[in-house]
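Each chain, letter by letter, is given below.
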Amino acid sequence: MSESSPPICDYEGSGYRTDFWENQGRDYEDLTERIALRRLLPERGRRVAHLGAGFGRMTNELSGYEQVIVLDYSRTLLREAQTRLGSDARYIYVAADIYHLPLANGSCDAAVMERVIHHMADVPAALRQIRAILAPGAPFILEYASKRNLKAILRYLLRRQSWNPFDLEPVEFVALNFDFHPAYMARCLREAGFRTERRLALSYFRLSLFKRTLPLGLLVMLDRWLQPTGQIAPFSPSVFTRNIAVGETPPAALDGPLFKCPQCGTPLLEEGEAVACPQEHGRWACRDGIYDFKEPISG
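This one's a predicted model, so the numbers in the text were calculated from it and none came from an experiment.

Here is what the cut-offs are and how they apply
Residues numbered from 1 in each chain as written. Predicted model: local features only at pLDDT ≥ 70, side-chain atom pairs only at ≥ 80, totals over all residues. Heavy atoms only, no water. Helix = DSSP H or I, 4+ residues; strand = E, 2+ residues; numbered from the N terminus. Rg over C-alpha atoms; globule rule 2.2 N^0.38 Å. Buried < 20%, exposed > 50% of the residue type's maximum accessible area, 1.4 Å probe, protein only. Areas by Shrake-Rupley, 256 points an atom, 1.4 Å probe, with all protein chains shown as cover. Lys, Arg positive; Asp, Glu negative; His and termini not counted. Charge placed at Lys NZ, Arg CZ, Asp CG, Glu CD. Axes fitted to C-alpha atoms, helices over the stretch in contact; angles between N-to-C directions. Left-handed = near helix turned anticlockwise from the far one by under 90°. Contact = heavy atoms within 4.5 Å. Nonpolar A, V, L, I, M, F, W, Y, C, P; charged D, E, K, R; others polar. Pairing = 2+ DSSP bridges.

Undergrad: Just checking my understanding: could you explain the overall build of the protein chain for this structure?
TA: Within the protein chain one finds 8 helices and 13 strands. For the protein chain, whose C-alpha radius of gyration is 19 Å, the value lies close to the compact-globule estimate of 19 Å for 299 residues. For the protein chain, the spread of C-alpha atoms along the principal axes amounts to about 60 × 35 × 35 Å. For the protein chain, the residues scored as buried account for 52% of the 299 residues in total. Surface summary for the protein chain: the accessible area is close to 13900 Å², and the carbon and sulfur share equals 51%. Positive and negative charge centroids in the protein chain, built from 36 and 36 side chains respectively, lie 8 Å apart.

Written out as structure tokens, the structure reads:
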């Protein structure tokens, strides 16, 4: 990784699965996000990249694909994903960062990234990397945290927060935690080579008051009904989009090598339990079923 790379949010060794999701009262978020993903992503395909997959919470929704790249920066979360998903040969586990994706250009015919881009200090750079790994016409399902949500608007009007939810620039409310205006994300996606086809609004009922007083089934049903309003004007804290890769992706590589050098882009060579750059920019190990691109190995 070069010194000029943006900072990376590393969940290595974290309790993200147990501290944030499991038995933490987030069944509403989990169920509604699954509904949105099913609405936006084609059921079947050849190879899909689940970027920032974490412990694989949503990865089982991609079971219709022949191969699933389970990619995250945290090795510990990837090991949890292995335990969760099992030894199915369709799953390829990769430890890498979004700014230096080691997947070959045009090697995927779909990509999914949810609850990840809000940790990205350089959204345009991340989206350019994702566009490069997609074949022309491939769908990219992106979820992002929206700053223009009803709660933020009310707090701003009541002078309970300083930042303006209608301002187009991202707001970093905690270190490496960003909220984005829908128009900003639309512009970034367009400039990176995507055409946004559909947009869904999620989590209007995320407040603990609703969760305590209303049945889960009712909340999920209401959210399902409201999701299509995102096509007009989302005012929800979470937004899902389906974006299509437009233009060329030279070379198209769905049938070629899966990995490229994250430094120079050259296809990597298999060397036993490692992959190596023929231009000698590095070798990366495959340990316990995880291709580890966080740092090269010597020798």
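On we go from here.
Undergrad: Would you explain the packing of helix α2 (residues 27-40) against helix α8 (residues 216-226) in this entry?
TA: Angle between the axes and distance between the axes: these two values describe a pair of packed helices. One can describe the packing of α2 onto α8 by two numbers: an axis separation of 10 Å at closest approach and a directional angle of 35°. Here the hand of the crossing between α2 and α8 comes out right-handed. In this structure, α2 uses Asp27, Tyr28, Leu31, Thr32, Ile35 and Arg39 to contact α8, whose residues at the interface are Leu216, Leu219, Val220, Asp223 and Arg224. Of the residues belonging to the contact of α2 with α8, the class tally is 6 nonpolar, 1 polar and 4 charged.

Undergrad: Hey, could you run me through the sheet that holds strand β1 (residues 45-51) in this one?
TA: In a beta sheet, neighbouring strands pair by backbone hydrogen bonds and run either parallel or antiparallel. The 11 strands lie next to each other as β8-β9-β5-β4-β1-β2-β3-β13-β12-β11-β10, forming an open sheet whose pairing is mixed. Of all strands in the sheet, those with a lone pairing partner are β8 (194-202) and β10 (269-271), marking the two edges. Strand-to-strand twist across the sheet, computed as the mean angle between neighbouring axes with direction ignored, equals 20°. Direction of pairing for strand β12 (residues 283-287) relative to strand β13 (residues 290-292): antiparallel, over a ladder of 2 bridges. Residue arginine 287 lies in a different strand from β13, and its bridge partner there is isoleucine 290. Where α2 meets the sheet, it contacts β4 (110-113), β5 (139-145), β8 and β9 (238-245), and its direction lies at approximately 150° from that of β8. Each of β2 (65-72), β3 (91-95) and β13 touches helix α3 (residues 75-85); the most contacted strand, β3, lies at about 170° to it.

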